[in-house]
Amino acid sequence: MLFCTTAILAFLLAVASGLVGHQQHYFQQHQSAFESLSFWINEQSQYAQSRILANIAPFADDPSAMAGAVCASPSRSHPDYYYAWTRDSALVMGEILNWLEQDSSNSRQLNIVLDNYVAFTRHIQATDSRLGEAKFNMDGSPFTGSWCNAQTDGPAIRALVLIRLAEHRRDFNVGLLFGLIRVDLDYISGVWWQNSHCDIWEESRGLHFYTAMAQHRALRAGTLLALRLGDIDASQKYSGVADQIETLLLPRFSNNGSHVLTTIEWSGGLSTKTSNLDTQVLLASLHYSTNGVYSVGSSEMVSTVLAILRRFEHMYDINRVPNTDINGISVPIGVAVGRYPEDVYNGVGTSLGNPWSLVTSALAEYHYRLALAYADMEYFIVSSELVALLNWTAPYIRGNTEQIYSLQAMVSKGDREFRGLLSYLLAAGDLYMARVARHTGRDHTMNEQWNMYTGYGRGAIHLTWSYAAHTSAARARSKLVSIIY
């Protein structure tokens, strides 16, 4: 099923750590750990925002870089990530829009960054007809080397962020933005069904869940914008394609109650990803779920997250460590996860894949967003899939796990059980935030990966997406904490 309409199966009362049984919430009973982690998150978020902006041209040390170009990383060797990936750039600009919508105190600088990005987009659309090109040189010229192209999630994500910008700036030249948006939406409308395109890790060809979710969300948003602008033909076109993706393509990724499949109709690239289990499915739900389609609370997504955790739990040596020190306080930590179980990319070459910072941050955000989804309901029903996830998490929180029990019940807003589950999910998300804290540099530097044996940063330094994943998770946590308090 695409929608979370599960029947009443069970409800787990999160009395572990005294959440309900002692009528205390996790952060009340473990106040020092909660405050220490919160302090780190706030400091890291401030640094992450400044580092993200530092990775967006113009640069003093590279006058050739075109304003608005976002480098995936300033690393220019071992590995060379000094390029503007379409996907990464759009995701980062979407995060900057989130900052702007949350706090307008820095609006002038952020609006300049967004204006530069619009100009950069206009330039690359005008100079390169290959809209599915994965990355560009920082001066805006096409990358001409061999690469896994086309990647058709990029134009969809770019269109989506420009649509959001058009909605944010009602007094802006929306016609100019819609012209850029139409180029991307018309492109994906004509290629969404092709199985020759590359996935976001640039390794496999086929039809990919992440790409389909991004295209579906962009086309739904484009439908509404076109309708607002009076372009009925475009609105009907985008709506029709979105309907086809939702009804004909997305259901095919469902796996009979097991985890959501990453790729179907594989047509080339790596053939070793036999599990078809991948954290990009989690990223897709966080980034693009709309109208309940593969939402964070759907049984498919809960099952997928649990499958990811179970698979990675014993894969890395660093996962043997149960806690970390943050400002002199011992804080429990969760599982570090990588991209997918069969990964062999180690950050500079191939051997064994490592855990990734951005997807571990995404695990934290998932738990916060799951709690926020319940918080919006007048009542909730916890499925057997969620019971399994919460039971799996309990030993990591290290409370009184023998007190966990189940009820055949429906819980309404205002019940202490309702608040108890929100607190439990906050504690669960904090496990992964603390994991990220453990492997982030003391100077707040974030890498792409962590060495699976030592935990030290590996691969591209100052990966822009790693910082954006952290600030996104931190924002979701802040909202959840304000509700629980």
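Residues numbered from 1 in each chain as written. Predicted model: local features only at pLDDT ≥ 70, side-chain atom pairs only at ≥ 80, totals over all residues. Heavy atoms only, no water.

A. Summary view of the overall build of the protein. For the protein, the helix and strand inventory stands at 14 helices and 13 strands. For 485 residues, the compact-globule estimate of 2.2 N^0.38 gives 23 Å, and the C-alpha radius of gyration of the protein, at 22 Å, lies within 12% of that figure. Considering only C-alpha atoms, the protein reaches an extent of 65 × 50 × 45 Å along its principal axes. By the burial criterion, 61% of the 485 residues in the protein qualify as buried. If you take every contact in the protein between residues at least 6 apart in sequence, the share linking residues at least 24 apart comes to 73%. Per element, the accessible surface of the protein, about 18200 Å² overall, is 51% carbon and sulfur. Side chains of the protein give 35 positive and 43 negative charges; the mean places of these two sets differ by 1 Å. (Helix = DSSP H or I, 4+ residues; strand = E, 2+ residues; numbered from the N terminus. Rg over C-alpha atoms; globule rule 2.2 N^0.38 Å. Buried < 20%, exposed > 50% of the residue type's maximum accessible area, 1.4 Å probe, protein only. Contact = heavy atoms within 4.5 Å. Areas by Shrake-Rupley, 256 points an atom, 1.4 Å probe, with all protein chains shown as cover. Lys, Arg positive; Asp, Glu negative; His and termini not counted. Charge placed at Lys NZ, Arg CZ, Asp CG, Glu CD.)

B. Spatial organisation of the nonpolar core. One finds Ile 96, Phe 253 and Tyr 366 to be the most contacted residues of the largest nonpolar core, which totals 154 residues. When residues no more than four places from it in sequence are discounted, the contact partners of Phe 253 are Leu 207, His 208, Phe 209, Ala 212, Val 260, Leu 261, Thr 262, Thr 263, Ile 264 and Tyr 294. Among the nonpolar cores identified, the runner-up in size contains 11 residues, and Ala 65, Ala 84, Phe 120 and Ile 124 belong to it. (Core = buried A, V, L, I, M, F, W, Y, C linked by side-chain atoms within 4.5 Å.)

C. Spatial organisation of the pairing of strand 7 (residues 323–326). Because side chains alternate across strand 7, one face comprises the buried residues Thr 324 and Ile 326, and the other comprises Asn 323 and Asp 325, none of which is buried. Here strand 7 runs beside strand 8 (residues 329–332); their pairing, made up of 4 bridges, is antiparallel. By the bridge assignment, Asn 323 is partnered in strand 8 with Pro 332. Connecting strand 7 to the antiparallel partner strand 8 that follows it, the hairpin turn spans 2 residues, and Asn 327 within it adopts a positive phi of roughly 55°. (Pairing = 2+ DSSP bridges.)

D. Quick peek at the pattern of salt bridges. The full count for this structure, using the stated rule, is 23 salt bridges. A salt bridge links Glu 265 to Arg 252; the shortest N-O distance between them is 2.9 Å. One end of the pair, Glu 265, is in strand 6 (residues 263–269); the other, Arg 252, is in the loop between helix 8 (232–249) and strand 6, and 13 residues separate them in sequence. Of the residues examined, Glu 265 reaches a relative accessible area of 35% and is grouped as partly exposed. Here Asp 430 makes a salt bridge to Arg 477, at a shortest N to O gap of 2.7 Å. In this pair, Asp 430 sits in helix 13 (residues 416–439) while Arg 477 sits in helix 14 (residues 464–484), placing the two residues 47 residues apart along the sequence. Of the two residues, Asp 430 and Arg 477, neither departs from the other in class, the shared state being buried. In the salt-bridge network here, residues are joined through shared partners; they are Arg 87, Asp 88, Asp 153 and Glu 202. (Salt bridge = Lys/Arg side-chain N within 4 Å of Asp/Glu carboxyl O.)

E. A look at the side chain of Thr 324. By the element assignment, Thr 324 lies in strand 7. On the accessibility criterion, Thr 324 (5% relative accessible area) is buried. The residues contacting Thr 324, other than those within four sequence positions of it, are Ile 329, Ser 330, Val 331, Ile 333, Ala 434 and Arg 438.

F. A look at the sheet that holds strand 6. Strand order in the open sheet formed by 3 strands is 4-5-6, with antiparallel pairing between adjacent strands. Only two strands of the sheet have a single partner each, and these edge strands are strand 4 (197–198) and strand 6. Contacts between helix 7 (residues 209–228) and the sheet are confined to strand 4 and strand 5 (204–208), with strand 5 contributing the most and set at about 45° to the helix. (Axes fitted to C-alpha atoms, helices over the stretch in contact; angles between N-to-C directions.)

G. Expanded view of the side chain of Ser 303. Within the fold, Ser 303 resides in helix 10 (residues 299–312). Looking at Ser 303, its side chain comes within polar contact range of the main-chain oxygen of Ser 299, at 3.0 Å. In this structure, Ser 303 is in contact with Gly 257, Ser 258 and Glu 385, ignoring residues within four places of it in sequence. (Polar contact = N/O pair within 3.5 Å; in protein donor to acceptor, adjacent residues only side chain to side chain.)

H. Structural view of the state of the cysteines. Under the criterion given, the structure shown has 1 disulfide. What pairs with Cys 148 in a disulfide is Cys 198, and their sulfur atoms sit 1.9 Å apart. Linking Cys 148 and Cys 198, the disulfide has an S-S dihedral of approximately -90° and is accordingly described as left-handed. A residue pair is termed long-range when its members are at least 10 positions apart, and Cys 148 in the loop between strand 3 (135–136) and helix 5 (153–168) and Cys 198 in strand 4 qualify at 50 residues. A single burial state applies to Cys 148 and to Cys 198, both of which are buried. (Disulfide = S-S within 2.5 Å.)

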